[in-house]
2 protein chains.
Amino acid sequence: MEFSEHFIAMEKYIEALQESICRGLEEEDTIKFREDRWIREEGGGGKSRIIQNGKVFEKGGVNISSVHGEMPETVAAVMQTEPGPFAACGISLVIHPLSPRVPTIHMNLRYFETVGGNAWFGGGIDLTPFFPCPEDFRHFHLTLKKACDAVDDSYYSRFKQECDEYFTLKHRREMRGIGGIFFDYLKNDVPHYFRLVKSVGDSFLPSYLPIVRRRKTEPYSEQDRLFQLIRRGRYVEFNLIYDRGTLFGLKTGGRVESILMSLPPEVRFLYDWHPEAGSPQAEMAEYYQPHDWIG
Amino acid sequence: MEFSEHFIAMEKYIEALQESICRGLEEEDTIKFREDRWIREEGGGGKSRIIQNGKVFEKGGVNISSVHGEMPETVAAVMQTEPGPFAACGISLVIHPLSPRVPTIHMNLRYFETVGGNAWFGGGIDLTPFFPCPEDFRHFHLTLKKACDAVDDSYYSRFKQECDEYFTLKHRREMRGIGGIFFDYLKNDVPHYFRLVKSVGDSFLPSYLPIVRRRKTEPYSEQDRLFQLIRRGRYVEFNLIYDRGTLFGLKTGGRVESILMSLPPEVRFLYDWHPEAGSPQAEMAEYYQPHDWIG
């Protein structure tokens, strides 16, 4: 199929974004990302950049992919479109820092088009902290709000609410972190939503690096680390039970190692564990519920 | 609703089985199971027995439950029956030993009946070892075969095949362990299948304890432990992506801590990790594919 000009522009954008994000993160650590390229038999492929065992980043991946071909009916149903030729590209990243004082972060931006002229964007950014630093959480949300406001000042509150709902572990009635923004199936005005996606993508480093810099050298206790490992367990629960991208990727034959790079390197699952009353960890419970960070 | 005599007999059986299994396992360790009882608002409840931080058993649960009430339509669809009053009881256990030389084990036996007279059994046992001890694997399968043969000598091969298929991580094309037996929706002859379920339940300790005894004092290396932690990650993947009981329980409001006691206490997820060629860990790959242990 012919790719639209937007598809080609999005491909170019995510490639440059992957590069600038990896460089920005590498400046905070002493090791570099490694790169794995892969080819999709039916068309397209991807470039995974992985960091592991850093002083700051225990594990992380910044992956881009661009795939095309004939869409199976099962996939078409999920994507709310007709079977036929399609193309999709996107960037997906998850960073698990070593220190429980530095939050885990996730971002995903993707574009999808069919030969019939359907096209849409989806994506978002969300933060998963393990220690109460409300000023960091406010900085994160404010940066995302500015990125949204630059395109339409109704977007932040709408996408924040979608994020609060999406990143919820329904069986536990709690969020996996403090949310951020999330959107899907944004269609009918490709140039407009492409501006949004670029504005969000460009806000990744400003939303996250100041927090990393501020927190990466702070000392932490064994209790802080244990809480991080247990909350990482919730991250695993979310990604394997609810995350649409993960399940869709695994069930449609995506590259397993690239999809599951999102899982944290070390995790604990303890029976009926609760933080000590009055501890910083106990305080986190209120932040794992929807919260107004701006008003 | 009125419970059938079989329901009451099954409840009695699983209660006694929980007791004898916990005692048998406690004899191999220096600590005891703790007990948590819980009540289900809509009818019934359960008794969870949990062991954690033992010298032999790092984490494990032997849970029984008996619930009844009005079945929601969504549940009826999954259970292949009509909405209406129902009752269900069962035992579910997962044991994660500390030593990578001792395999993880899982068993589940359950009985379900409706007021309309539908009734069936389901369940199985499967073993997840982390070190190649083919004589142990053969002992395990032979014990299960004997338990099946006592009721019908066509059962073992049929239920073993179902187990190989069920406990497969489809996205990785590998089993989570070395299988065992698995069956579901066994109906139309309650007394006959009840005999089977009792024969399987009674085979739990003889299938597992000799292996625990033989292996629990064997020394192991850091490499052995790392492999165990990574394979436990596959266990998590299976339980959260595929396991019907886990997903059913979480989505129908079951007690989260009792359901997720099945998750291993410590887990690692590393990017694109492979065991060293020629190592005992590399040898395990062949056992994580369907294998004939008896012939």
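My aim in this report is to walk through the structure given alongside it, one point at a time.

About the cut-offs
- Residues numbered from 1 in each chain as written.
- Chains lettered and ligands numbered in written order.
- Predicted model: local features only at pLDDT ≥ 70, side-chain atom pairs only at ≥ 80, totals over all residues.
- Heavy atoms only, no water.
- Helix = DSSP H or I, 4+ residues; strand = E, 2+ residues; numbered from the N terminus.
- Buried < 20%, exposed > 50% of the residue type's maximum accessible area, 1.4 Å probe, protein only.
- Contact = heavy atoms within 4.5 Å.
- Areas by Shrake-Rupley, 256 points an atom, 1.4 Å probe, with all protein chains shown as cover.
- Lys, Arg positive; Asp, Glu negative; His and termini not counted.
- Charge placed at Lys NZ, Arg CZ, Asp CG, Glu CD.
- Pairing = 2+ DSSP bridges.
- Polar contact = N/O pair within 3.5 Å; in protein donor to acceptor, adjacent residues only side chain to side chain.
- Disulfide = S-S within 2.5 Å.
- Least-squares fit on C-alpha atoms with pLDDT ≥ 70 in both.
- Arc of directions from axis to C-beta.
- Buried area = accessible area lost by both parts, 1.4 Å probe.
- Nonpolar A, V, L, I, M, F, W, Y, C, P; charged D, E, K, R; others polar.
- Patch = residues over 30% accessible without salt bridge, like charges linked within 9 Å, V, L, I, M, F, W, Y side chains within 5 Å.
- Salt bridge = Lys/Arg side-chain N within 4 Å of Asp/Glu carboxyl O.
- Axes fitted to C-alpha atoms, helices over the stretch in contact; angles between N-to-C directions.
- Expected span 1.5 Å × (residues − 1).

1. As for the overall build of chain A
Here's step 1: Within chain A, the secondary structure is distributed over 10 helices and 10 strands.
Here's step 2: The burial tally for chain A puts 61% of its 295 residues in the buried class.
Here's step 3: Long-range contacts, defined here as pairs at least 24 residues apart, represent 70% of the contacts in chain A between residues at least 6 apart.
Here's step 4: When the accessible area of chain A is evaluated, it comes to approximately 12,200 Å², of which 50% is carbon and sulfur surface.
Here's step 5: Charged side chains of chain A number 36 positive and 43 negative; the gap between the two group centres comes to 3 Å.

2. As for the pairing of strand 6 (residues 119-128) of chain B
All names here are of chain B.
Here's step 1: Burial analysis of strand 6 places 10 of its 10 residues in the buried class, which makes it a mostly covered element.
Here's step 2: Going residue by residue along strand 6, you find Ala 119, Phe 121, Gly 123, Ile 125 and Leu 127 tucked away on one face and Trp 120, Gly 122, Gly 124, Asp 126 and Thr 128 tucked away on the opposite face as well.
Here's step 3: Alignment of strand 5 (residues 104-114) against strand 6, held across 10 bridges, turns out to be antiparallel. Residue pairing in the sheet places Tyr 111 in a bridge with Phe 121 of strand 6.
Here's step 4: Where strand 5 folds back onto strand 6 in an antiparallel hairpin, the turn is made up of four residues, including Gly 117, whose phi is positive at roughly 100 degrees.

3. Some details on the environment of Gln 52 of chain A
Here's step 1: On the secondary structure map, Gln 52 of chain A appears in strand 2 (residues 44-52).
Here's step 2: A relative accessible area of 23% places Gln 52 of chain A in the partly exposed class.
Here's step 3: In sequence terms Gln 52 of chain A and Gly 116 of chain A are 64 residues apart; their C-alpha atoms lie 42 Å from each other.
Here's step 4: Polar contacts involving the side chain of Gln 52 of chain A include one to the main-chain amide nitrogen of Tyr 271 of chain B, which spans 2.9 Å.

4. As for the state of the cysteines
All names here are of chain A.
Here's step 1: Following the criterion strictly, the structure yields zero disulfides over all chains and no others.
Here's step 2: With no disulfide of its own, Cys 89 lies 17 Å from the sulfur of Cys 22, the closest cysteine sulfur.
Here's step 3: Here Cys 163 stays unpaired: no disulfide links it, and the sulfur of Cys 148, its closest cysteine neighbor, is 10 Å away.
Here's step 4: By relative accessible area, Cys 163 is classed as buried at 0%.

5. Quick word on the relation of the copies chain B and chain A
Here's step 1: When chain B is fitted to chain A, the best match, at an RMSD of 0.0 Å, comes from turning it 180 degrees and sliding it 0.0 Å along the axis. Here the symmetry operator amounts to a two-fold rotation axis. Taking the C-alpha atom as reference, chain B places Val 267 of chain B closest to the rotation axis, 2.6 Å from it.
Here's step 2: Mapped onto chain A, 100% of the interface residues of chain B again fall at the interface, so both copies present the same surface.

6. Some thoughts on helix 8 (residues 244-251) of chain A
Here's step 1: Those residues of helix 8 of chain A lying buried are Thr 246, Leu 247, Gly 249 and Leu 250 of chain A. Across the axial projection of helix 8 of chain A, the buried residues extend over an arc of 160 degrees, all falling on one side.
Here's step 2: Residues of helix 8 of chain A that are buried make contact with helix 7 (222-241) and helix 9 (256-259) of chain A together with helix 7 (222-241) of chain B.
Here's step 3: Of the residues one or two after helix 8 of chain A, Gly 253 of chain A is the one with positive phi, at around 80 degrees.

7. Focus on the interface of chain B and chain A
Here's step 1: Each side of the interface is counted separately: chain B has 32 residues, and chain A has 32 residues.
Here's step 2: Sorting the residues of chain B by area buried against chain A places Glu 257, Phe 269 and Tyr 271 of chain B first, and these three jointly supply 28% of that buried surface.
Here's step 3: Applying the counting criterion to the chain B and chain A interface returns 17 residue pairs in polar contact (both at pLDDT 80 or more).
Here's step 4: Elements with a minimum of two residues in the side of chain B that touches chain A: strand 1 (34-39), strand 2 (44-52), strand 3 (57-71), helix 7, helix 8 (244-251), helix 9 (256-259) and strand 10 (266-268) of chain B.
Here's step 5: Looking at which element gives the most residues to the side of chain B that touches chain A, the answer is helix 7 of chain B, with four residues.
Here's step 6: Here the side of chain B that touches chain A is built from residues that sort into 16 nonpolar, four polar and 12 charged.
Here's step 7: Where strand 10 (residues 266-268) of chain A lies against strand 10 of chain B, three bridges are found, and the strand directions are antiparallel. By the bridge assignment for strand 10 of chain B, Glu 266 of chain A is matched with Arg 268 of chain B.

8. Side note on a positive patch on the surface
Here's step 1: Taken together, the side chains of Lys 170 and Lys 251 of chain A together with Lys 170 and Lys 251 of chain B define a basic patch exposed on the protein surface.
Here's step 2: As for its position among the elements, Lys 170 of chain A is in the loop between strand 7 (168-169) and strand 8 (174-175).
Here's step 3: Taking the relative accessible area as the measure of exposure, Lys 170 of chain A reaches 52% and is therefore exposed.

9. A word on the sheet that holds strand 1 (residues 34-39) of chain A
Residues and elements named next belong to chain A.
Here's step 1: Read from one edge of the open sheet, seven strands run 1-2-3-4-5-6-9, paired in antiparallel fashion. Strand pairing shows two members of the sheet lacking a second neighbour, strand 1 and strand 9 (180-187), which therefore form its edges. Taking each pair of neighbouring strands and ignoring which way they run, the sheet shows an average axis angle of 10 degrees.
Here's step 2: Sheet analysis places strand 4 (residues 84-97) next to strand 5 (residues 104-114), joined by 10 bridges and oriented antiparallel. Within the sheet, the bridge partner assigned to Gly 90 lies in strand 5 and is Arg 110.
Here's step 3: Lying over the sheet, helix 4 (residues 155-166) contacts strand 6 (119-128) and strand 9, oriented at roughly 105 degrees with respect to strand 9.

10. Topic: the side chain of Ser 207 of chain B
Here's step 1: Counting through the fold element by element, Ser 207 of chain B comes out in helix 6 (residues 204-215).
Here's step 2: Contacts of Ser 207 of chain B, omitting those with residues within four sequence positions, involve Ile 105, His 139, Phe 140 and Thr 143 of chain B.

11. Digging into the pattern of salt bridges
For side chains of opposite charge, pairing can occur when their charged atoms come near one another.
Residues and elements named next belong to chain A.
Here's step 1: According to the stated counting rule, one finds 58 salt bridges over all chains in the structure shown.
Here's step 2: The salt bridge involving Arg 244 is made with Asp 184; its shortest N-O contact spans 3.4 Å. Of the two residues, Arg 244 is situated in helix 8 and Asp 184 in strand 9; the sequence distance between them amounts to 60 residues.
Here's step 3: The class for Arg 244 is partly exposed, based on a relative accessible area of 44%.

12. Points about helix 4 (residues 155-166) of chain B
Residue and element names in this part refer to chain B.
Here's step 1: When the terminal C-alpha atoms of helix 4 are compared, their 16 Å separation across 12 residues agrees well with the 16 Å that a helix rising 1.5 Å per residue should span.
Here's step 2: Among the residues of helix 4, Tyr 155, Tyr 156, Phe 159, Lys 160, Cys 163, Asp 164 and Tyr 166 are the ones counted as buried. Looking straight down helix 4, one finds its buried side chains confined to an arc of 165 degrees; they lie on one side.

13. Some thoughts on the pairing of strand 9 (residues 180-187) of chain B
The two faces of a sheet get side chains in turn, since along a regular strand they alternate between them.
All names here are of chain B.
Here's step 1: In terms of burial, strand 9 is largely enclosed, as six of its eight residues are buried.
Here's step 2: Bridging between strand 6 and strand 9 involves six bridges; their strand directions are antiparallel. Residue pairing for strand 9: Gly 124 is matched across the bridge by Phe 182.

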